[in-house]
Protein chains: 2
Amino acid sequence: MTGTLTVIGLGPGDPRYLTPAATAALAAATDLVGYHAYLARLAPAAHQTVHGSDNRVELDRARLALEMAADGRTVAVVSGGDPGVFAMAAAIFEAVETGPADWRALDIRVEPGITAMLAAAARAGAPLGGDFCAMSLSDNLKPWEVVTRRLEAVLAADFAIALYNPISKARPWQLDAAFDIARNHRAPDSVVILARAVGRPDEQLRILTLAEVRGEMADMATVVMIGASTTRLIERGDKAPFVYTPRFVEVPA
Amino acid sequence: MTGTLTVIGLGPGDPRYLTPAATAALAAATDLVGYHAYLARLAPAAHQTVHGSDNRVELDRARLALEMAADGRTVAVVSGGDPGVFAMAAAIFEAVETGPADWRALDIRVEPGITAMLAAAARAGAPLGGDFCAMSLSDNLKPWEVVTRRLEAVLAADFAIALYNPISKARPWQLDAAFDIARNHRAPDSVVILARAVGRPDEQLRILTLAEVRGEMADMATVVMIGASTTRLIERGDKAPFVYTPRFVEVPA
């Protein structure tokens, strides 16, 4: 049982955001495992075997990677963003927990990466500069009632909120439902940011109000940020405004 | 008005977590501005001027940096972790909003970094693998009542929680108060992680239960993670357990 498995965060896409630790872990691997679109960002060496798979087969992919590690391979499982944020790390540990006992003895590591919300926040200014939450809006793995209960809780407590997996062809209405819930807690001119493909050539950042935003403006590659009540714009004439959430919260009168 | 200001995330401390984008931005700077302890990690070039300051003077530091950028300098403001997460980015934009109008025309950028909770989570496994929140426990900038209200909300909604700024000499009791609040919402054997100085030579990761954790076990360099009700350990004999939060939430019976 000498194999290793490293779950590697590739960051948002631009190689300038890939950490040296992640680069070194990628170079050390004998086998590269992941979603096709993430593997396509890499330039595998001649001695490396690439094992691509479709999206939404995370547990199958995790088990394949663990089997190869148990066979003594040096396996890199690649993940967009940070592997610990709505990505492959949890799937790997789910597979370990339910798999053969000897998988627990494997050397399993996680290499962090720049997650989408933090790359997007950096582009906009500092919209997550106060307390914030990260939620997956997908109801594939948890009931929609859990999603709405959590949304209500963090809106009422005035967190800024980053929504991952906001919309897909199979989940077309949930994002508009989330915006409707937000409209019960935030003013119409509250800030909403749609950040698509940050760090990639087709990057797009839209700064909108809660009144005007629509689910159809987002897609699977978008991270949606709903500001706290204190999130504000700094207008800059014909340049894009800065968006930030102050660190301070005023004492209520 | 040709100066630039870049707020740069240094990550948790290990240079292997510093992104190439951050490295390039540091190299381009004429002036390096920051807390002494962060500047001490760098090896300034001969042409670079270093402007160190004490902790907790963020706005003064921000204004100095903006003044130099307005004078045409290429200013790097360094921040631990990610500058957008309880760090210098929000302070810069607070200073811009309240400062001279011409500061708004400056070229201000944020270079994201690996924030402490994600570095710590990677070391432990995937404790933030489900929905999670990041909160500053400091009541220097917001009333303690806001902190407790937010904690109650996210505990009741079963988020995993990362607490930044958990304790200091001036704020000695707040962390134990937060654990007491958590004990009203989570079982005694719930997972709490204390991650100190991750990515630095004196790194320490402690995996505890909510029943046994005490505020005095943490310090200013610690990030505290309180698991969701679903956060669990994978025991590994004499090795440290993996800690993870499953991506899925079961349908309540």
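About the cut-offs
Along every chain, residues carry numbers that run from 1 in the direction the sequence is written. Numbering of ligands from 1 and lettering of chains from A proceed in the order in which they are written. Predicted model: local features are reported for residues with pLDDT of at least 70 only, side-chain atom pairs are reported and counted for 80 or more only, and whole-chain, interface and lining totals are derived from all residues. Hydrogens and water are ignored here; the side-chain numbers use all heavy atoms of the structure. UniProt positions are given in the numbering used here, feature names are shortened, and annotations may be inferred rather than shown by experiment. A run of H or I in DSSP counts as a helix once it spans at least four residues, and a run of E counts as a strand once it spans at least two, with each numbered from the N terminus. Any pair of cysteine sulfurs within 2.5 Å is marked as a disulfide. In this scheme, a residue with accessible area under 20% of its type's maximum is buried, one over 50% is exposed, and one in between is partly exposed, where area comes from a 1.4 Å probe on protein chains only. Two rings from Phe, Tyr or Trp (for Trp, the six-membered ring) form a pair when their centres are within 6.5 Å of each other. A pair whose planes differ by under 30 degrees is stacked, one over 60 is edge-to-face, and the rest are tilted. We call a charge positioned above a ring when the Lys NZ or Arg CZ atom is no farther than 6 Å from the ring centre and deviates by at most 35 degrees from the ring normal. The rule for pairing is simple: two strands pair if DSSP sees at least two bridges between them. Any Lys or Arg side-chain nitrogen located within 4 Å of an Asp or Glu carboxyl oxygen qualifies as a salt bridge. Here a polar contact is taken to be a pair of N or O atoms separated by no more than 3.5 Å, where protein atoms must pair a possible hydrogen donor with a possible acceptor and residues adjacent in sequence count only if both atoms sit in side chains. Contacts were defined at the residue level, with two residues in contact if any of their heavy atoms lie within 4.5 Å. Once two parts are joined, some of their accessible surface, as seen by a 1.4 Å probe, is lost; buried area is that loss totalled over both.

Considering the UniProt feature "domain: Tetrapyrrole methylase" (unreviewed entry) in chain A
- The UniProt record annotates "domain: Tetrapyrrole methylase" (unreviewed entry) at residues 4–213 of chain A.
- Helix makes up 33% of residues 4–213 of chain A and strand 24%, and the two end C-alpha atoms of the span are 45 Å apart.

With respect to the state of the cysteines
- Applying the stated criterion across every chain, the model contains one disulfide over all chains.
- With its sulfur 2.5 Å from that of its partner, A:Cys133 forms a disulfide with B:Cys133. Note on the A:Cys133 and B:Cys133 pair: the S-S dihedral is about 85°, so by sign convention the disulfide is right-handed. One end of the pair, A:Cys133, is in strand S7 (residues 132–136); the other, B:Cys133, is in strand S7 (residues 132–136), on a second chain.
- The class for A:Cys133 is buried, based on a relative accessible area of 0%.

So, the packing of aromatic side chains
- Summed over the entire model, instances satisfying the criterion amount to twelve aromatic pairs over all chains.
- The interplanar angle of 85° and the centroid separation of 5.4 Å between the aromatic rings of A:Tyr35 and A:Tyr38 together place this pair among those described as edge-to-face.
- For A:Tyr35, a relative accessible area of 23% translates into the label partly exposed.
- Owing to a relative accessible area of 27%, A:Tyr38 belongs among the partly exposed residues under this scheme.
- Seen in terms of ring centroids, B:Phe86 and B:Tyr164 are 5.1 Å apart; in terms of plane orientation they differ by 50°. Their pairing is tilted. Of this pair, B:Phe86 sits in the loop between strand S4 (74–79) and helix H4 (88–98) while B:Tyr164 sits in strand S8 (residues 160–164), and the two are 78 residues apart along the sequence. The exposure classification of B:Phe86 matches that of B:Tyr164, with both residues buried.
- Taken together, the ring pairs in this structure connect A:Phe86, A:Tyr164 and B:Phe132 into an aromatic cluster.
- The residue whose ring lies beneath B:Arg150 is A:Phe159, and the NZ or CZ to ring-centre distance is 5.7 Å.

Considerations on the sheet that holds strand S13 (residues 239–244) of chain A
All names here are of chain A.
- Taking strand neighbours across the sheet as the criterion, the three strands line up as S6-S13-S12 in an open arrangement whose pairing is mixed. On the outer flanks of this sheet lie strand S6 (125–126) and strand S12 (232–236), each paired with one strand and no other.
- Where S12 lies against S13, four bridges are found, and the strand directions are antiparallel. When the sheet's bridge partners are listed, Arg232 is paired in S13 with Tyr244.

Some thoughts on the sheet that holds strand S13 (residues 239–244) of chain B
Residues and elements named next belong to chain B.
- The strand order across the open sheet formed by three strands is S6-S13-S12, and the pairing between neighbours is mixed. One side of each edge strand has no neighbouring strand; the edge strands of this open sheet are strand S6 (125–126) and strand S12 (232–236).
- Here two bridges tie S6 to S13, and the two strands are oriented parallel to one another. Bridge pairing links Ala126 to Tyr244 in S13.

Observations regarding the pattern of salt bridges
- Here the structure, examined in full by the defined rule, presents 30 salt bridges over all chains.
- Of the charged contacts in the structure, one is a salt bridge between B:Arg109 and B:Asp107, with a shortest N-O distance of 3.1 Å.
- On the accessibility criterion, B:Asp107 (29% relative accessible area) is partly exposed.
- Among the charged side chains, a salt-bridge network with shared partners connects A:Asp14, A:Arg16 and B:Glu111.

Describing the side chain of A:Asp31
Residue and element names in this part refer to chain A.
- Along the chain, Asp31 falls in strand S2 (residues 31–35).
- On the basis of relative accessibility, which here comes to 2%, the residue Asp31 falls in the buried class.
- For Asp31, the side chain forms a polar contact with the side chain of Arg73, separated by 2.6 Å.
- Not counting chain neighbours up to four residues away, the residues in contact with Asp31 comprise Thr49, His51, Met68, Arg73, Thr74, Val75 and Ala76.

Let's talk about the interface of chain B and chain A
- On the chain A side, the residues contacting the 74 residues of chain B number 74 residues.
- Counting each side, the surface lost to burial between chain B and chain A is near 6200 Å², with a carbon and sulfur contribution of 61%.
- Among the residues chain B hides against chain A, the three largest losses belong to B:Asp131, B:Arg150 and B:Arg247. Together they make up 13% of the total.
- Our enumeration of links across chain B and chain A arrives at twelve salt bridges.

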